[in-house]
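# Analysis of the macromolecular model
Below, each chain spelled out in residue letters.
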Amino acid sequence: MPNAFRGVIDDHLERVNWEQAKADLAADDFDNGRSASALRRSFEQADHVAFAWLDGRLIGMARLLSDGVSNAYLLDVWTQSTVRRRGVATSMVGQLVTAVPGQHIGLQTDDAEPFYASLGFQCQPQFMSLVVGGWLDNAANR
Ligand SMILES: CC(C)(COP(=O)(O)OP(=O)(O)OC[C@H]1O[C@@H](n2cnc3c(N)ncnc32)[C@H](O)[C@@H]1OP(=O)(O)O)[C@@H](O)C(=O)NCCC(=O)NCCS
């Protein structure tokens, strides 16, 4: 791949400027309403995280919840639009899945099915969900 990602993938939460990250997500139309501190807590409290860095800038992130035994859930997978289709998300998700051998990983996506399919994920109907009360109406986001 001539334009392949040549940056770094790590799990260094302390490197992330969460205000900047929230602004970058919003600029990419991928802000689901969490405050910068709530976004930070979502990642801090995840079981596994992956960040992609290019020239010192955060250009991708992803996180995985896991019970450490059988089940995991993949969330917040994002690559900055300027560096897509260069393998960034493949590298991040690849790092996360190696942390949960033998586990069943679920996720929900509106329009990134081709990406997840490229990694071997298969549709498994039906996904059901419920928001308890109002979306993000909780102490963590105030
Ligand atoms: C989905 C997303 C994370 C993919 O990130 P990425 O770093 O561009 O992904 P990769 O470069 O690793 O893509 C790997 C493969 O996935 C598939 N793929 C990725 N994006 C695709 C697209 N828009 N259309 C079709 N296939 C796609 C391709 O097979 C690609 O390989 P190729 O480029 O050699 O053809 C990115 O588009 C994104 O951040 N989208 C907005 C946020 C979002 O929807 N996140 C998912 C929430 S569930």
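The structure reproduced in this document is the subject of the present report.

Residues in contact with the ligand amount to 19 residues; listed here are only the nearest, Val 77, Thr 79, Arg 85, Gly 87 and Thr 90. Here an oxygen atom of the ligand and a backbone polar atom of Gly 87 are 2.8 Å apart. For the ligand, an oxygen atom lies 2.5 Å from a polar atom in the side chain of Thr 90. Within the complex, 71% of the 910 Å² of free accessible area of the ligand lies under protein. If you map the ligand onto the pockets, it falls in the largest pocket. Where the shell around the ligand is concerned, the elements lending two or more residues are strand E4 (71–79), helix H3 (88–97) and helix H4 (113–118). Sorting elements by how many residues they give to the shell around the ligand places H4 first, with four residues.

We now examine the layout of surface pockets. Roughly 1700 Å³ of volume is contained in the largest pocket. Together, 49 residues line the largest pocket, and Phe 30, Asp 76, Val 77, Gln 108 and Tyr 116 are the ones closest to its centre. Contributions of two or more residues to the lining of the largest pocket are made by helix H2 (36–44), strand E3 (57–66), E4, H3 and H4. Considering every element that reaches the lining of the largest pocket, the biggest residue donor is E4, with seven residues. A per-class count over the lining of the largest pocket returns 24 nonpolar, 13 polar and twelve charged. Of the pockets and cavities examined, the second largest pocket occupies roughly 690 Å³. Leu 107, Phe 121, Gln 122, Cys 123 and Gln 124 are the residues nearest the centre of the second largest pocket, which is lined by 22 residues in total. Residue assignment for the lining of the second largest pocket shows that the elements contributing at least two residues are H3, strand E5 (104–106) and H4. Of the residues contributing to the lining of the second largest pocket, the split by class is twelve nonpolar, nine polar and one charged.

Another point: the sheet that holds E4. Across the sheet, which stays open at both edges, the five strands sit in the order E1-E2-E3-E4-E5 with mixed pairing between neighbours. Unpaired on one side and paired on the other, strand E1 (8–10) and E5 mark the two borders of the sheet. Ignoring strand direction, the axes of neighbouring strands in this sheet form an average angle of 25°. Sheet topology note: the strand E2 (residues 48–54)/E3 ladder contains seven bridges and is antiparallel. Note that in E3 the partner of Ala 52 across the bridge is Gly 60. Sitting on the sheet, helix H1 (residues 18–27) is in contact with E2, E3 and E4, with an inclination near 95° to E3. Relative to E4, H3 is tilted by about 160°, and along the sheet it contacts E1, E2, E3, E4 and E5.

The rules behind the values
Residues numbered from 1 in each chain as written. Predicted model: local features only at pLDDT ≥ 70, side-chain atom pairs only at ≥ 80, totals over all residues. Heavy atoms only, no water. Near = heavy atom within 4 Å. Polar contact = N/O pair within 3.5 Å; in protein donor to acceptor, adjacent residues only side chain to side chain. Areas by Shrake-Rupley, 256 points an atom, 1.4 Å probe, with all protein chains shown as cover. 1 Å grid on protein atoms, 1.4 Å probe; cavity = no way out; pocket = protein on both sides within 12 Å on 5 of 7 lines; lining within 4 Å. Sits in = over half its atoms within 2 Å of the grid points. Helix = DSSP H or I, 4+ residues; strand = E, 2+ residues; numbered from the N terminus. Points joined across faces, edges and corners; volume = space filled by probe spheres on them. Nonpolar A, V, L, I, M, F, W, Y, C, P; charged D, E, K, R; others polar. Pairing = 2+ DSSP bridges. Axes fitted to C-alpha atoms, helices over the stretch in contact; angles between N-to-C directions. Contact = heavy atoms within 4.5 Å.

Just distances and angles here, no functional claims.
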